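The residues making up each chain are set out below.
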Amino acid sequence: MNPLFTIGQLSKIFRIKITTLRYYDEVGLLKPARINRKTHYRYYSTEQFERLNVITYLRALGLSIESIRNFFEARDTSLLGKMLREQKSQVHQQITALQSIEQRIDDRILQVNDAIQSNLNVVELVNLPSIPVIFLSENYHAKEDIELPITTLRQKFGVDKSIFLGKIALMLSKSELEQNRFENYGGLLLILEPGDDKAATGELIAGQYLRLRFNGTHETSAIQYQKLLDYCQKHRYKIIGDAVETALIDYGITDDLSKYVTEIRIPVKEI
């Protein structure tokens, strides 16, 4: 006569929680060999060990309870092959999604480290590649709450709010710059990265930019624009496009105002 094992003993042998074994019983995946009618204790035989091994193996591969139950009902190798191929396809999709997340994490680490190590209050001439963006023509004043136009942009273009961190920029028109007006922005940009699932509505052109990073926010950027204009005049650069202002480190990352970093970039050419 084959020995019987209590649910507690089976739990220890297979290192499976008792609650999990009870659940397998409830859904018809692994019924006990015998149940004591008086005590309602569950007892399992060694004949069920193989079935539990298969269940454990298939669960480790990520197959659902329903799929495993269907397999046991059919007991067909072709069905198992089909299930495993479908599971492989799902795993591949998960790997692709995780690789995209990993790339986003790497990009964010680089961006934050780059911002932390910035040469603040120094005008730099840099060559930048073109960058795809989603553009919202929305007037915004430096002292206004920026969350409302951000929400407008997200809703208008159906953009997932989870991709916004560190990628919102304000656009100050060339005409405003030339008239020394630095507080009325004419647009909001969402800077896109590989993996962002929305089509760009425009791009930041590739080329030469004067770039200035400073400790502060949009509310304190006016004086920084004046520094850039003075630099243009002194070093004979001509502004050829709109300025882009980005908060590289702000309240989304830290509560410490002294660590805020904002960047202004203006496309230029030598006169």
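Whatever comes next refers back to the structure up there.
Bear in mind that the values here come from a model prediction, so they are computed numbers and not experimental data. (Residues numbered from 1 in each chain as written. Predicted model: local features only at pLDDT ≥ 70, side-chain atom pairs only at ≥ 80, totals over all residues. Heavy atoms only, no water.)

(A) Molecular detail of the environment of Ser64. Looking at the element boundaries, Ser64 is found in the loop between helix H3 (49–60) and helix H4 (65–74). Remark: the alpha-carbon pair of Ser64 and Met83, spanning 19 residues in sequence, is separated by 10.0 Å. A distance of 2.9 Å separates a polar atom in the side chain of Ser64 from a polar atom in the side chain of Ser67. (Helix = DSSP H or I, 4+ residues; strand = E, 2+ residues; numbered from the N terminus. Polar contact = N/O pair within 3.5 Å; in protein donor to acceptor, adjacent residues only side chain to side chain.)

(B) Fine view of the packing of aromatic side chains. As enumerated under the stated definition, the model contains six aromatic pairs in all. Judged by centre distance (5.3 Å) and plane angle (50 degrees), the rings of Phe5 and Phe49 are tilted. Pair noted here: Phe5 is in strand S1 (residues 4–6) and Phe49 is in helix H3, with a separation of 44 residues, a long-range link. On the accessibility criterion, Phe49 (19% relative accessible area) is buried. Taking 5.5 Å as the distance between ring centres and 55 degrees as the angle between the ring planes, the aromatic pair formed by Phe71 and Phe72 counts as tilted. (Phe/Tyr/Trp six-rings, centres within 6.5 Å; stacked < 30°, edge-to-face > 60°. Buried < 20%, exposed > 50% of the residue type's maximum accessible area, 1.4 Å probe, protein only.)

(C) The arrangement of the pattern of salt bridges in detail. Per the counting criterion, the structure on display carries ten salt bridges. For Glu124, the salt bridge identified is with Arg211, shortest N-O distance 3.3 Å. Placement of Glu124 in strand S4 (residues 123–128) and of Arg211 in strand S11 (residues 207–214) is noted, with a sequence separation of 87 residues between them. (Salt bridge = Lys/Arg side-chain N within 4 Å of Asp/Glu carboxyl O.)

(D) A look at the sheet that holds S1. The strand order across the open sheet built from three strands is S1-S3-S2, with neighbouring strands paired in antiparallel fashion. The open sheet has two edge strands with one neighbour each: S1 and strand S2 (34–35). Direction of pairing for S2 relative to strand S3 (residues 42–45): antiparallel, over a ladder of two bridges. Among the inter-strand pairings, Arg34 is bridged to a residue of S3, identified as Tyr43. (Pairing = 2+ DSSP bridges.)

(E) Inspection of H3 at higher detail. In this model, H3 (twelve residues) spans 16 Å end to end at C-alpha, consistent with the 16 Å of a helix rising 1.5 Å per residue. Those residues of H3 not exposed but buried are Phe49, Leu52, Ile55 and Leu58. On its buried face, H3 is in contact with S1, helix H1 (7–14), helix H2 (18–26), S3, H4 and helix H5 (77–116). Phi turns positive, to about 95 degrees, at Gly62, one or two residues after H3. (Expected span 1.5 Å × (residues − 1). Contact = heavy atoms within 4.5 Å.)

(F) Structural context of the environment of Ile271. When you line up the elements, Ile271 lands in the segment after strand S14 (261–270). In this structure the C-alpha to C-alpha distance between Ile271 and Glu73, which are 198 residues apart in sequence, comes to 80 Å. Dropping the residues within four chain positions of it, Ile271 is found in contact with Arg236, Tyr237 and Lys238.

(G) Molecular detail of the nonpolar core. Counting residues in hydrophobic clusters, the biggest one holds 28 residues, and the most contacted among them are Leu172, Leu177, Leu188, Leu210, Tyr225, Leu228 and Ile266. Those elements that provide at least two residues to this core are strand S5 (131–136), helix H6 (147–157), strand S7 (168–172), strand S9 (187–191), S11, helix H8 (222–235), strand S12 (237–239) and S14. Among the nonpolar cores identified, the runner-up in size contains 20 residues, and Phe5, Ile7, Phe14 and Ile65 belong to it. (Core = buried A, V, L, I, M, F, W, Y, C linked by side-chain atoms within 4.5 Å.)

(H) Fine view of the side chain of Glu176. Locating Glu176 in the fold gives a position in helix H7 (residues 174–178). A polar side-chain atom of Glu176 sits 2.7 Å from a polar atom in the side chain of Arg181.

(I) Highlighting a nonpolar patch on the surface. On the surface, Leu98, Ile101, Ile105 and Ile109 cluster together to form a nonpolar patch covering roughly 380 Å² of accessible area. The residue Leu98 is located in helix H5 in this model. (Patch = residues over 30% accessible without salt bridge, like charges linked within 9 Å, V, L, I, M, F, W, Y side chains within 5 Å. Areas by Shrake-Rupley, 256 points an atom, 1.4 Å probe, with all protein chains shown as cover.)

(J) Looking closely at the pairing of S7. Counting buried residues along S7, five of its five residues qualify, which places the element largely inside the surrounding structure. Neither face of S7 is open: one carries Ile168, Leu170 and Leu172, the other Ala169 and Met171, and all of them are buried. The pairing of S7 with S9 spans four bridges and is antiparallel. Pairing of Met171 across the sheet is with Gly187, part of S9.

(K) Here's a closer look at the environment of Glu193. Within the secondary structure layout, Glu193 lies in the loop between S9 and strand S10 (202–204). C-alpha separation for the pair Glu193 and Lys167, spaced 26 residues apart in sequence, amounts to 9.0 Å. If we skip the residues at most four places from it in the chain, Glu193 touches Asp107, Arg108, Gln111 and Lys167.

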